[in-house]
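# Structural description and commentary
Each chain, written out:
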Amino acid sequence: MQERNEARFKEKAAELAEWVKAKNHFLLVYNHDADGISSGAITATALKRIGKSFSSKPLKQLYKEEIEKLKGKAENFIFVDFGSGQLGELKKAFKTSFAVVDHHQTKEEEFKLHLNPMLFGVDGGSEISAAGTCYVLATAIDEKNSDLAALAIVGAVGDMQESGGALQGFNRKILQEGIEAGVLEKKTDLRLYGRVSRPLVQFLQFSTNPIIPMLTGSEEKCIKFLSANGIELKQGEKWRSYNDLSGEEKKKLASALIVHMHSFNVEEWKIKELIGEVYTLPKEKSETPLSDAKEFATVLNSCGRHSKAETALKVCMGNRKEAYTEALVLLAEHRKQLREGIELMQQKGLEEKEHFYFFDTGNKIKDSIIGIVAGMIYSSQTVAPIKPIIALSRTDDGDIKASGRATSELTRRGLNLGKIFKEMEKEIGKGLEGGGHRIAAGVKFREELREEFLEKLDKKIGEQLAGKIYK
Ligand SMILES: [Mn+2]
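Residues numbered from 1 in each chain as written. Predicted model: local features only at pLDDT ≥ 70, side-chain atom pairs only at ≥ 80, totals over all residues. Heavy atoms only, no water.

### With respect to the domain arrangement of the chain
Cut-off, in case you're wondering: A domain assignment, automatic or from a database, supplies the domain bounds used here. A contact between two residues is defined here by any heavy atoms of the two lying within 4.5 Å. Buried area is calculated as the accessible area (1.4 Å probe) missing from two parts once they are joined, with the contributions of both summed. We count a salt bridge whenever a side-chain nitrogen from Lys or Arg sits within 4 Å of a carboxyl oxygen from Asp or Glu. Each polar contact in these results corresponds to two N or O atoms within 3.5 Å; when the atoms are within protein, one needs to be able to donate a hydrogen and the other to accept it, and residues that are neighboring in sequence are counted only if both atoms are side-chain atoms. Elements are defined by DSSP. Helices are runs of H or I of four residues or more, strands are runs of E of two residues or more, and each kind is numbered from the N terminus.
By domain assignment, the chain separates into domain 1 (6-180), domain 2 (190-337) and domain 3 (349-465). Inter-centroid distance (C-alpha atoms) of domain 1 to domain 2 is 29 Å. Listed as interface residues are 27 residues of domain 1 and, on the opposing side, 21 residues of domain 2. Both faces combined, the contact of domain 1 with domain 2 buries some 1900 Å², and carbon together with sulfur accounts for 69% of it. Among the residues of domain 1 in contact with domain 2, I37, V154 and G165 are the three that bury the most area, contributing 25% of the side total. Here domain 1 and domain 2 share 2 salt bridges between them. At the boundary of domain 1 with domain 2, the tally comes to 7 residue pairs in polar contact (both at pLDDT 80 or more). Mapped by element, the contributors of at least two residues to the side of domain 1 that touches domain 2 are α2 (34-49), β2 (54-59), α6 (149-158) and α7 (170-180).

### Some thoughts on the coordination of the manganese ion
Put simply, the ideal angle at a metal is 109.5 degrees for four donors in tetrahedral geometry and 90 or 180 degrees for six donors in octahedral geometry. As a reminder, the rule being used: The donor definition counts N, O and S atoms within 2.8 Å of each metal and applies 3.2 Å to Na, K and Ca; water is not among these atoms, so some sites may look incomplete. Only protein chains enter the calculation, and the probe is 1.4 Å; a residue is then buried if its accessible area is under 20% of its type maximum, exposed if over 50%, and partly exposed in between.
At the metal site, the manganese ion is ligated by D35 (OD), D81 (OD), H103 (NE2) and D159 (OD), and these contacts range over 2.1 to 2.4 Å. As a motif over one chain, the donors of the manganese ion read D-x45-D-x21-H-x55-D. Residue H103 is located in the loop between β4 (98-101) and β5 (114-115), and its partner D159 is located in the loop between α6 and α7; the two are separated by 56 residues in the primary sequence. We note that H103, like D159, is buried.

### Focus on helix α5 (residues 130-141)
Note: α-helices contain 3.6 residues per turn, so residues at a spacing of three or four share the same orientation. The line we're drawing: Expected span, for any helix, means 1.5 Å times one less than how many residues it has.
For α5, spanning 12 residues, the distance from its first C-alpha to its last is 16 Å, which sits close to the expected 16 Å at 1.5 Å a residue. For α5, the buried fraction is high: 10 of the 12 residues fall into the buried class. Where α5 is concerned, the buried positions are A130, A131, G132, T133, C134, Y135, V136, L137, A138 and I141. Of the residues flanking the start of α5, the one acting as N-cap is S129, its side-chain oxygen 3.2 Å from the backbone nitrogen of A131.

### With respect to the nonpolar core
Selection criterion: Grouping buried Ala, Val, Leu, Ile, Met, Phe, Trp, Tyr and Cys residues that are joined through side-chain atoms within 4.5 Å yields what is termed a nonpolar core.
In terms of nonpolar packing, the biggest core is built from 84 residues, with I42, F79, F94 and F98 touching the most fellow members. Among the elements that line this core, the one with the most residues is α6, at 8 residues. Among residues more than four places away in sequence, those in contact with F98 are W19, F77, F79, L87, L90, K91, F111 and L113. Counting residues in hydrophobic clusters, the runner-up holds 24 residues, among them A402, L415, F445 and L449.

### What about the sheet that holds strand β11 (residues 357-360)?
As a reminder of what qualifies: Here, strands pair whenever DSSP counts at least two bridges between them. Orientation is described by axes fitted as lines to C-alpha atoms, over the contacting stretch for helices, and by angles from 0 to 180 degrees between their N-to-C directions.
One open sheet holds the 6 strands; their spatial order is β10-β11-β12-β13-β15-β14, and the pairing between them is mixed. Single-partner strands in this sheet number two, and they are β10 (351-352) and β14 (433-436). Both β10 and β11 contribute to a ladder of 2 bridges, which runs antiparallel. Residue pairing for β11: E352 is matched across the bridge by Y357. Strands in contact with helix α18 (residues 450-465) are β11, β12 (389-394), β13 (400-405) and β15 (440-445); relative to β12, the strand with the most contacts, it is inclined by about 165°.

### Side note on the side chain of T133
Mapped onto the secondary structure, T133 falls in helix α5. Here the side chain of T133 touches S129 through a polar contact of 2.7 Å, landing on its backbone oxygen. When sequence neighbours within four positions are dropped, the list of residues in contact with T133 reads F9, V101, D102, H103, L115, P117 and I128.

### A short note on the pattern of salt bridges
Evaluation of the coordinates by the stated rule reveals 34 salt bridges. Linking R49 and D147 is a salt bridge whose minimum nitrogen-to-oxygen distance equals 2.8 Å. Remark: D147 occurs in the loop between α5 and α6 and R49 occurs in helix α2; sequence separation between them is 98 residues. Classification of D147 as partly exposed rests on a relative accessible area of 30%. Measuring nitrogen to oxygen at the nearest pair gives 3.1 Å for the salt bridge that ties E427 to K460. Placement of E427 in helix α17 (residues 417-428) and of K460 in helix α18 is noted, with a sequence separation of 33 residues between them. One salt-bridge network, held together by shared partners, links D360, R394, E447, R450 and E451.

### Topic: the environment of D142
The topology assignment puts D142 in the loop between α5 and α6. Residue D142 is classed as partly exposed on the basis of its relative accessible area, which comes to 30%. From its side chain, D142 meets the backbone nitrogen of K144 in a polar contact 2.9 Å long.

### Re the side chain of S403
Among the secondary structure elements, S403 is positioned in strand β13. Residues within four places of S403 in sequence aside, it is in contact with I370, G371, I389, I390, A391, A441 and G442.

Here it is as structure tokens:
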């Protein structure tokens, strides 16, 4: 990575801001996950506020054939949360009438309108998301756009950028600006997912960050644990969520969990992930999933993965009527599909390769949620998170979509799935396309490459974990 130079990063944002101000009639193309949708909403709001005409289009991935289809659709193009890996293709298609705002790993390539923190030594994997990068651009367009910091933080937590119990690095600056703008709050609390909308039992049972020994994955043991600590599961007919607990009860549960983790000799840095900062959006109604940055991100992912990213974009831009209602239905559907996916994986079990766990779902699990299911399978007690998981599904056109998920522990040991998939794109070729982050990445290829892919992958993961490549 480059030497850190935040001033240059901001100058680059200012250059892009000038380009945006000088041009008109944009097509804004955004990635369909939580970070991509937040990126789209931040950029769309900034364009709208300066009276630009634009349309927007979500995409799952910026594949070559998708780029082809976009030709001639607008005068100018802005790609957010992807594009850094496709600069060559984009240049061929759009010459100089496009900009890329992305945070994925990238090669240094000569192109003026390319805003990527990685080029300035700011780590796009751990300390700023695409939404954060779009926020830097938006505030370069007009500093009044600092109210968009809330969406930047939703994008960051959507991309799992918290580590050691809090957002780090550049994300903290954005957080601070959001707090000053009155659109964000941070407090120290139990950080498990679902404080607002998950019943207490599932709140513990589905905890994957961190994994709680004996509790993660076991409904029965979670019920016992909560009862043993005198916490009522229901209030009348309603299942209580963590948010429903009294201050006393919250403290009791948190310390019981810490004692529990210690009794299993869980490492200190993992216990630290249990309690830490949580980020809330004070302008949203409390009790709704949008009031919590992590749950907001899940709402966006639910829409994106059901090909309804446009609905999510509207929610980000303030719609609390039709689009919001639809988003809540998709959230419920998303949770149902995840449950079914996890059940399927648990029933069939994982195959164990030398350096990774493996599961081919055939076409039983949608390619759009396979990554999340693979991530959640770490919660199953039968799988020790000592190897990454690679899960295969099939896309609508019959290609294989492989999703890889790792743990922060594995990335500390040198694993970088995004880098592996990017390398395979070069080494295997034949239309294989992939990339992503250290901890979560994806790749698409034709069925006949399956064996070659698996073989190469096993070798590469083994090399990285042996420290042969990673410094
Ligand atoms: Mn992203």
